[in-house]
Amino acid sequence: MNVFQFFWQNRTEVLDATRQHLWMVGISTLLAVIVGIPLGILITRWPALNKPVLGSANIIQTVPSLALFGFLLPVPWIGAGAERIAILALTLYALLPLIRNTYAGIKGVDSSVIEAGRGMGMTDRQLLFQVELPLALGVIIAGVRVAAVISVGLATIAAAIGAGGLGQYIFRGISMVNNQVILAGAIPAAALALLCDMSLGWLEKRLGTTTVVPQS
Amino acid sequence: MSTDLPSKNGLAIEFRNVSYSFAEGSELISSLNLQVHRSETLVLLGRSGSGKTTTLKLINALASPTAGEVFVEGRPTSQWNTIRLRRGIGYVIQDAGLFPHFTVERNIGLVPTIENWPADRVRQRVIELLQVVGLDASLASRYPRELSGGQRQRVGVARALAADPPILLMDEPFGALDPITRAELQREFLALQRRLEKTVVFVTHDLREALLLGSRIALMEAGKLVAALPPDEFVRSTDPLVKQYLDAFGELPTTTGNRGCA
């Protein structure tokens, strides 16, 4: 039986696992965006917070993913559901690229542009929303892209704690010593990663370059 | 107009014993006393690092004096609402500092927009200003990167004039332009200034530009004011630092520049 036959025979199950996988990645990336972008903005405003915030995000990133899933098991409410653990862990991993890119994107805006805006009497809020964020958008989306692609890969490991997703096939295939089953998880996961990469790459190009390429 | 500044005397701007130093103590401006009269073009002249740009930023509160006070329209900048103060002062910088993601129209209309003018009035004002600075109305939908350096600088001037501020600060606005474009913009600036009679503080290190545009020239050196004189007196000055500056420029054309109404 080749891998395509396996897909066909288990199509509802594979689709379900893919959907579950996408859900975990999507929700965690969204949560990371909601938390990470404001944190990134915050550390451009209060430079004293820069080191602790980026440092913490860095440390989280160094924790091996399997261990992080394990650490979260005893956490109340979160630990009660494997999917919740997976989503929280993926969110934590996605924070670093988002905080870092938001910070770098805003800091990368030409200082003479900022100074001109300030000099003309723009408030800090106007400067942020009308100048800094729009000009940093390409870099921020690049951060979302990195986070999403990493998440697709990491989410396969969530199957180890019973969170489902495409990792199920990978783990099952490993224990069965069956490459077809491993591929049944690995191929859709790789396809998802590519899809995330391409769609966000497209968005990055489109939004990032409104600053450079004019629409006439 | 909402950006009209209240006036109490004939001075638009006054520096009273103003010093400015960095936190670590190095002094950029030391006890500066300088008066800028209404409707005059005061040129701040000096070499790099002499404190001209900082002096300019002290006027629109991009920098706050560490000692003394800067009075704008009779009121110390420390007592102004910073946002209101800045919206009443046009600001033009080198390379224009245009927003790259805004069209020419949005760039010029920026201050009126954040001042909540109705959209059609902003558009009308933008078209009017494009004409004032000698740009074709068809450029309104362009992005700054699609313009030449000279056009960008004109947009920068138009943007600064948008809300009709009584004071204009210009920080080496023509510094990055080629000599021909620069001469063209200088001529137009003179014509514009004769018509609009704004109070202008103009920063440059170019003596020729200073003599051409200034109704008075204030030479700065190492954070101190050396002299503030009308162009014809400036070229005859016997002050050693003024002479040094004059000598560095060699043969000068006869001064036929701005006599303002100072």
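Residues numbered from 1 in each chain as written. Chains lettered and ligands numbered in written order. Predicted model: local features only at pLDDT ≥ 70, side-chain atom pairs only at ≥ 80, totals over all residues.

With respect to the overall build of chain B
Phase 1: For chain B, the helix and strand inventory stands at ten helices and ten strands.
Phase 2: Relative to the compact-globule value of 18 Å for 262 residues, chain B shows a C-alpha radius of gyration of 18 Å, a close match.
Phase 3: Dimensions of chain B along its principal axes, counting C-alpha atoms only, are 55 × 45 × 35 Å.
Phase 4: With 262 residues in all, chain B has 48% of them scored as buried.
Phase 5: Sequence separation of at least 24 residues holds for 71% of the intrachain contacts in chain B that already meet a minimum separation of 6. (Helix = DSSP H or I, 4+ residues; strand = E, 2+ residues; numbered from the N terminus. Rg over C-alpha atoms; globule rule 2.2 N^0.38 Å. Buried ≥ 20, exposed ≤ 12 C-beta atoms within 10 Å, placed from the backbone. Contact = placed C-beta atoms within 7 Å.)

Digging into the overall build of chain A
Phase 1: Of regular secondary structure, chain A possesses nine helices and zero strands.
Phase 2: Beginning at the N terminus, the succession of helices and strands in chain A can be written as α-α-α-α-α-α-α-α-α.
Phase 3: In chain A, once contacts between residues fewer than 6 apart in sequence are set aside, the share between residues at least 24 apart is 73%.

Side note on the interface of chain B and chain A
Phase 1: Every contact between the two is made by 19 residues of chain B and, on the other side, 18 residues of chain A.
Phase 2: Looking at the side of chain B that touches chain A, the elements that each hand over two or more residues are α2 (82-87), β6 (89-93) and α4 (110-114) of chain B.
Phase 3: Broken down by class, the residue content of the side of chain B that touches chain A amounts to ten nonpolar, three polar and six charged. (Nonpolar A, V, L, I, M, F, W, Y, C, P; charged D, E, K, R; others polar.)

Comments concerning helix α2 (residues 11-45) of chain A
Phase 1: Across its 35 residues, α2 of chain A extends 50 Å between first and last C-alpha, which sits within 8% of the 51 Å expected from 1.5 Å per residue.
Phase 2: Helix geometry: α2 of chain A is bent most strongly at V33 of chain A, by close to 25°. (Expected span 1.5 Å × (residues − 1). Bend = angle between axes of the 7 residues up to and from the residue.)

Overview of the confidence of the model for chain A
Phase 1: With 96% of its residues at a pLDDT of 70 or more, chain A shows a mean pLDDT of 89.
Phase 2: Under a pLDDT of 50 for its full length, residues 210-216 of chain A has, in the predicted model, eight contacts with residues more than four places off or in other chains. (pLDDT = per-residue confidence, 0-100.)

Observations concerning the pairing of β6 of chain B
All names here are of chain B.
Phase 1: Of all the five residues making up β6, five are buried; the element is thus mostly covered by neighbouring parts of the structure.
Phase 2: Burial along β6 is two-sided: the face carrying I89, Y91 and I93 and the face carrying G90 and V92 are both buried.
Phase 3: In terms of strand pairing, β6 meets strand β7 (residues 167-171) through five bridges, oriented parallel. Opposite I89, over in β7, you have I167 as the bridge partner. (Pairing = 2+ DSSP bridges.)

A word on the packing of helix α3 (residues 50-62) of chain A against helix α5 (residues 82-107) of chain A
Residue and element names in this part refer to chain A.
Phase 1: Remark: α3 packs on α5, axes separated minimally by 8 Å, with the N-to-C direction vectors making an angle of 140°. For the element pair α3 / α5, the angle class is oblique. Classified by chirality, the crossing of α5 by α3 is left-handed. Between α3, through V53, L54, A57, N58, I60 and Q61, and α5, the contact on the second element is made entirely by L92, Y93, L95, L96, I99 and R100.
Phase 2: Broken down by class, the residue content of the contact of α3 with α5 amounts to nine nonpolar, two polar and one charged. (Axes fitted to C-alpha atoms, helices over the stretch in contact; angles between N-to-C directions. Parallel < 35°, antiparallel > 145°, perpendicular 65-115°, else oblique. Left-handed = near helix turned anticlockwise from the far one by under 90°.)

Focus on the pairing of strand β10 (residues 224-229) of chain B
Phase 1: Across five bridges, the pairing between strand β9 (residues 216-221) of chain B and β10 of chain B is antiparallel. Opposite I217 of chain B, over in β10 of chain B, you have L229 of chain B as the bridge partner.

A short note on the nonpolar core
Phase 1: By size, the foremost hydrophobic cluster in this structure holds 132 residues, and its most contacted members are A86 and L90 of chain A together with L44, V201 and A218 of chain B.
Phase 2: Ranked by the residues each element gives to this core, the list is headed by helix α7 (residues 124-155) of chain A, at 16 residues.
Phase 3: Apart from the residues within four sequence positions on either side, V201 of chain B is in contact with I13, V36, L42, L44, L56, I59 and L169 of chain B. (Core = buried A, V, L, I, M, F, W, Y, C linked by C-beta atoms within 7 Å.)

What to know about the sheet that holds strand β1 (residues 11-21) of chain B
All names here are of chain B.
Phase 1: Taken together, four strands build an open sheet; the order of strands is β2-β1-β4-β5 and the sheet is antiparallel. Looking at strand neighbours, the two that pair on one side only are β2 (27-37) and β5 (75-76), the edges of this open sheet.
Phase 2: Looking at chain direction, β1 and strand β4 (residues 67-72) are connected through five bridges and run antiparallel. What sits directly across from R16, in β4, is E69.

Section: the packing of α5 of chain A against α7 of chain A
Residue and element names in this part refer to chain A.
Phase 1: At their nearest, the axes of α5 and α7 sit 8 Å apart, and the two run at 155° to each other. When the axes of α5 and α7 are compared, the pair comes out roughly antiparallel. For the pair α5 and α7, the crossing hand works out as right-handed.

Description of the sheet that holds β7 of chain B
Residues and elements named next belong to chain B.
Phase 1: Pairing in this open sheet of six strands is mixed, and the strands run β6-β7-β8-β3-β9-β10 from one edge to the other. The open sheet has two edge strands, β6 and β10, and neither has a second partner. Taking the axes of each pair of neighbouring strands and ignoring which way they run, one obtains an average angle of 15° across the sheet.
Phase 2: Pairing between strand β3 (residues 41-45) and strand β8 (residues 199-204): five bridges, direction parallel. Within the sheet, the bridge partner assigned to L44 lies in β8 and is V203.
Phase 3: Against the sheet, helix α1 (residues 52-59) makes contact with β3, β6, β7, β8 and β9, and its axis sits at roughly 155° relative to β8, the strand it touches most.

Notes on the environment of I85 of chain A
Phase 1: For I85 of chain A, the position within the fold is in helix α5.
Phase 2: Excluding its chain neighbours within four sequence positions, the residues that come into contact with I85 of chain A are F69, L72, L73, I78, G79, I161 and A163 of chain A.

Description of the environment of G208 of chain A
Phase 1: Considering the arrangement of structural elements, one finds G208 of chain A in helix α9 (residues 179-208).
Phase 2: For the pair G208 of chain A and A142 of chain A, spaced 66 residues apart in sequence, the C-alpha to C-alpha distance is 9.2 Å.

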